[in-house]
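Coordinates in review
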Amino acid sequence: MSSEQAEFWDERYRGEGFAFGTAPNAFLASQARYLKPGLHALVPGDGQGRNGVWLAQRGLVVDSVDISPLGVAASKELAKARGVEVNARVGDLLTWDWPVDRYDVVAALYLHFFDSDRPQMHHAMLDALKPGGVLILEAFSIEQLEYKKVHGSGGPKIADMLYSEPKLAAVVVGKLDGFGFGIQHHAAAALRSRVPCG
Ligand SMILES: C[S@@+](CC[C@H](N)C(=O)[O-])C[C@H]1O[C@@H](n2cnc3c(N)ncnc32)[C@H](O)[C@@H]1O
C-alpha cells in the first residue's frame, strides 16, 4: 500500500509547478495565534512543502515527513528559495518511529489514511505533542464524494479514506480528558488543543 502511495504522489508531483501551490493551507494560516516563533512543529504529509515552509518563515522550527521523494525534494527547494530551513525527510508515517512529547504543533493538512490506519495515526499525532501542544488538522469529509461530483474538486474517491465528525470523535475518546477539542466546520476540519478547555 505505501509504495503505491509513494508512486501515486510522486506521479502527482512530477513536472513543473506545485500541485497545491506555494501559499499555506488557509485553515492553518487562520490558526496563526498558535504558531509562535521558536515553537517546534511537525508537518506529517507535507507534500511539496507549502505548509512547512510557511511555518518556518514564521520562525517555527519545522520537521516534516512525506512518503514522496519528489515532494520532499520540492519542499527543500521551496525552503531554499524562501531562505528558511525545514528538516524535510522521506518516510512512511505508517511505519515511522513517531516521537512522543516532542512537538508544540502538529499540522496535518489533507493527510488521508484508510479507516484501518487512521486511529493509529491520530493517536501518534496526539502523542507527539508536548503538554500544551496543538494539533491542527484539516481533511476532506465524507460529503466531499457528492461535492466533487458537482464542483469537480479533488480528494480521495473512496469513503474509507474520508473523515467525519463521528470518526474523529471516536479516535479521540479517552485521549482528550481535560483538553479542548473542536470540529471547526462541516468539512471535518478539527483543531485539538492540549491546553485545558476555556
Ligand atoms: C493531499 S497531499 C497534501 C500535501 C500537503 N499537506 C498540502 O496540504 O499541500 C497528501 C500528502 O500526504 C502524503 N502521504 C500520504 N500517505 C502518507 C504516508 N503513509 N506517509 C507519509 N506521507 C504520506 C502524500 O505523499 C502527499 O504528499
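Please read all numbers here as calculations on a predicted model, not as lab measurements.

**Overview of the overall build of the chain**
- Check the secondary structure of the chain and you find seven helices and seven strands.
- For the chain, the α and β elements follow one another from N to C terminus as α-α-β-α-β-α-β-β-α-β-α-α-β-β.
- A burial count over the chain gives 35% of its 198 residues as buried.
- Within the chain, counting contacts between residues at least 6 apart in sequence, those at least 24 apart form 63% of the total.

**A closer look at the pairing of strand β4 (residues 103–109)**
- Burial analysis of β4 places seven of its seven residues in the buried class, which makes it a mostly covered element.
- Judged from the two bridges that link them, strand β1 (residues 40–44) and β4 form a sheet pairing that is parallel. Bridge assignment links Ala41 to a residue of β4, and that residue is Val105.
- Relative to strand β5 (residues 129–138), β4 runs parallel, the two being bridged by six bridges. From the neighbouring strand, Val106 faces β5, where its bridge partner is Leu135.

**Side note on the packing of helix α3 (residues 50–57) against helix α4 (residues 69–82)**
- Where α3 meets α4, the closest approach of the two axes is 9 Å, and the angle between their N-to-C directions is 30 degrees. Accordingly, the angle class assigned to the pair α3 and α4 is roughly parallel. Classified by chirality, the crossing of α4 by α3 is right-handed. Note on element contacts: α4 touches α3 through Ser75, Leu78, Ala79 and Arg82, opposite Gly52, Val53, Ala56 and Gln57.
- The residue inventory of the contact of α3 with α4, partitioned by class, reads four nonpolar, three polar and one charged.

**Regarding helix α5 (residues 118–128)**
- When α5 is considered as a whole, its buried residues turn out to be Arg118, Met121, His122, Met125 and Ala128. Looking straight down α5, one finds its buried side chains confined to an arc of 125 degrees; they lie on one side.

**Brief notes about the site of the ligand**
- Near the ligand there are 21 residues, and of these Trp9, Gly45, Gly47, Ile67 and Leu93 occur at the shortest range.
- Put simply, the parts of the chain that give the shell around the ligand at least two residues each are α1 (2–13), α3 and β2 (61–66).
- In terms of residue count, α1 provides more of the shell around the ligand than any other element does, three residues in total.

**Observations concerning unusual backbone geometry**
- With a phi close to 55 degrees, Asp101 is a non-glycine residue in the positive phi region.
- Looking at the element boundaries, Asp101 is found in the loop between β3 (87–90) and β4.
- Even without glycine at this site, Tyr110 takes up a positive phi of about 55 degrees.
- Tracing the backbone shows Tyr110 in the loop between β4 and α5.

**Quick look at the environment of Lys130**
- With respect to the helices, strands and loops of the structure, Lys130 is situated in strand β5.
- Taking the C-alpha atoms as reference points, Lys130 and Asp101, separated by 29 residues in sequence, lie 4.1 Å from one another.
- Each residue touching Lys130, except ones within four places of it in the same chain, is listed here: Asp101, Arg102, Tyr103 and Asp104.

**Quick look at the nonpolar core**
- Of all hydrophobic cores here, the largest spans 44 residues; its most connected members are Ala41, Leu55, Val105, Val106 and Ala107.
- The greatest single-element share of this core, amounting to six residues, is contributed by β4.
- Apart from residues no more than four positions distant in its own chain, Leu55 is found in contact with Leu35, Ala41, Val43, Leu60, Val62 and Ala107.

**Points about the packing of α1 against α4**
- Where α1 meets α4, the axes come as close as 7 Å, and the angle between the chain directions of the two elements is 45 degrees. Looking at the two axes, α1 sits oblique to α4. Here α1 contributes Trp9, Asp10 and Tyr13 to the contact with α4, which in turn contributes Pro69, Leu70, Gly71 and Ala74.
- For the contact of α1 with α4, the residue count by class is five nonpolar, one polar and one charged.

What counts as what
Residues numbered from 1 in each chain as written. Predicted model: local features only at pLDDT ≥ 70, side-chain atom pairs only at ≥ 80, totals over all residues. Helix = DSSP H or I, 4+ residues; strand = E, 2+ residues; numbered from the N terminus. Buried ≥ 20, exposed ≤ 12 C-beta atoms within 10 Å, placed from the backbone. Contact = placed C-beta atoms within 7 Å. Pairing = 2+ DSSP bridges. Axes fitted to C-alpha atoms, helices over the stretch in contact; angles between N-to-C directions. Parallel < 35°, antiparallel > 145°, perpendicular 65-115°, else oblique. Left-handed = near helix turned anticlockwise from the far one by under 90°. Nonpolar A, V, L, I, M, F, W, Y, C, P; charged D, E, K, R; others polar. Arc of directions from axis to C-beta. Near = placed C-beta within 6 Å. Core = buried A, V, L, I, M, F, W, Y, C linked by C-beta atoms within 7 Å.

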